[in-house]
Amino acid sequence: MDKFMVKGPCRLSGRIEINGAKNAVLPIMAASLLTRGKSTIDNVPNLRDVKTMNELLRMLGAEVMFENRSLTIDTRNIKNYEAPYDLVRTMRASIYVLGPLVAAYGRARVSLPGGCAWGPRPIDLHLHALEKLGARLKLEEGYIHASADKLKGAEIVFSTSSVGATAQAIMAAVLARGVTTLKNSAVEPEVTELARCLIEAGANIEGVGTSVIRIEGVDRVEPFHHRVIPDRIEAGTFAAAALATGGEIELAGCDPAHMDAVFEALRACGGVIEVSGDTVRVSGPEKLEALHVVTHEYPGFPTDMQAQMIAVLARARGTSTVTDTIYPDRFTHVPELRRLGASIRLDGNIAVVKGVNRLGGAPVMATDIRASSALIIAAMAAEGTTEISRVYHIDRGYERIEERLRRLGAEIERIS
Ligand code: EPU
């Protein structure tokens, strides 16, 4: 298993290109199953999660080619309808094939994802939506068996705004007979992007980007050619790293319109953020200021930036609080950050971060994608060497992060 050795402190400086968004590309890849033919997706990041989804699509019978950030998925020979446990447990987003398979092929067998490192992460809303659309569901031996002759439009009111369940319902409803209305839909840019891609493919979807989405089923959607939006979480992570190291970097090719809440938080703790088109200049202050941040659904502060924000605030002047309202248990990075000298107390879903003057290197363990990037941020701000184990988590969501950070001046090595 690979490790990272990070020698700090460093001050990041330079320019970094932001890649396509992981959480936008994964549902779009699954949506290719709604079509029969060859779809192309551009600006695809070379991530472990993308490779896992490729593997799953190949198991289903798709022909997949991935070259130069361009992914082609040929779905003319789908002959298997099962997402096995071994894949689903390594990547929950595998569940995205459920809706498209049952909508396009009338059947699917998808492993239940099980728990995740930081909490239960249920999929009840996905299943509720599919049942409302007329799918018959059975849970057997850890698998969801779904079948339907033809899905039927329905009104679905989500009790909680869910990115995954909204995407799942959109994908299933585009081929259903009649009209589907989704209420309390997620409005995250990645969901909007999926809907846009499906509209280009011939789906009839209104209300995109709002919490009420109306879908009129069509007989077929055509293979598509779509370019993925920039990853707002990747951009936010590098911006946070610039602040934590008192550096100055330029994020190139991002979409600042998706980043208001993150920029507001980074400015509030002393960062200077200058936006010019799709380029953003971020510089960190001499001394960071404490802050109170609460995660919310989009356009609020994203839970996927919560860990990185705690890493930034670990050295701020005063006491900060970071509250996660989306995932109350998503704090596995906290004990690891404490090993680097951070003073963080957990009070339910609130991390109370008392800024310290100095962090120091120590061996730590990555536990999930964002927790790992928080550890790298803290390690770059810490004095001495930090050994981060289990970095496969970070490879799921950040492409060659060590090479890109090295180009910005970090001392970080991957040890295989
Ligand atoms: N929820 C339910 N039932 C469900 C689904 C969700 O109760 O059936 C709850 C969750 O427990 C949570 C809330 O709804 O409290 C929101 O979860 P959501 O469904 O929106 O999350 P997700 O679709 O499973 C995606 C991202 C996550 C990101 C969340 C929140 C992908 C592949 N994953 O997950 O990204 O944290 O939305 O924005 O898009 C990451 O990239 O590191 C990551 C974890």
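Scoring rules and cut-offs
Residues numbered from 1 in each chain as written. Predicted model: local features only at pLDDT ≥ 70, side-chain atom pairs only at ≥ 80, totals over all residues. Heavy atoms only, no water. Pairing = 2+ DSSP bridges. Helix = DSSP H or I, 4+ residues; strand = E, 2+ residues; numbered from the N terminus. Axes fitted to C-alpha atoms, helices over the stretch in contact; angles between N-to-C directions. Contact = heavy atoms within 4.5 Å. Phe/Tyr/Trp six-rings, centres within 6.5 Å; stacked < 30°, edge-to-face > 60°. Lys NZ or Arg CZ within 6 Å of the ring centre and 35° of its normal. Buried < 20%, exposed > 50% of the residue type's maximum accessible area, 1.4 Å probe, protein only.

1. Quick notes on the sheet that holds strand β5 (residues 70-74)
Next, step 1: With mixed pairing, four strands are arranged side by side in an open sheet as β4-β5-β3-β14. Both edges of this open sheet fall to β4 (63-67) and β14 (225-227), since each of them pairs with a single strand only. Shown here is a sheet whose adjacent strand axes are inclined to one another by a mean of 15°, direction ignored.
Next, step 2: The pairing of β4 with β5 spans five bridges and is antiparallel. Paired with Phe66 across the strands is Leu71, a residue of β5.
Next, step 3: Where helix α2 (residues 48-60) meets the sheet, it contacts β4 and β5, and its direction lies at approximately 155° from that of β4.

2. Remarks on the packing of aromatic side chains
Next, step 1: The tally for this structure, following the rule as stated, stands at one aromatic pair.
Next, step 2: The ring of Tyr143 has Arg109 sitting right over it, with the charged end atom 4.0 Å from the ring centre.

3. Side note on the pairing of strand β1 (residues 3-8)
Next, step 1: Burial along β1 is one-sided: Phe4, Val6 and Gly8 are buried, while Lys3, Met5 and Lys7, pointing the other way, are not.
Next, step 2: With five bridges joining them, β1 and strand β24 (residues 411-415) adopt antiparallel strand pairing. Note that in β24 the partner of Phe4 across the bridge is Arg414.
Next, step 3: The pairing of β1 with strand β23 (residues 384-389) spans six bridges and is classified as antiparallel.

Structural measurements only, silent on function.
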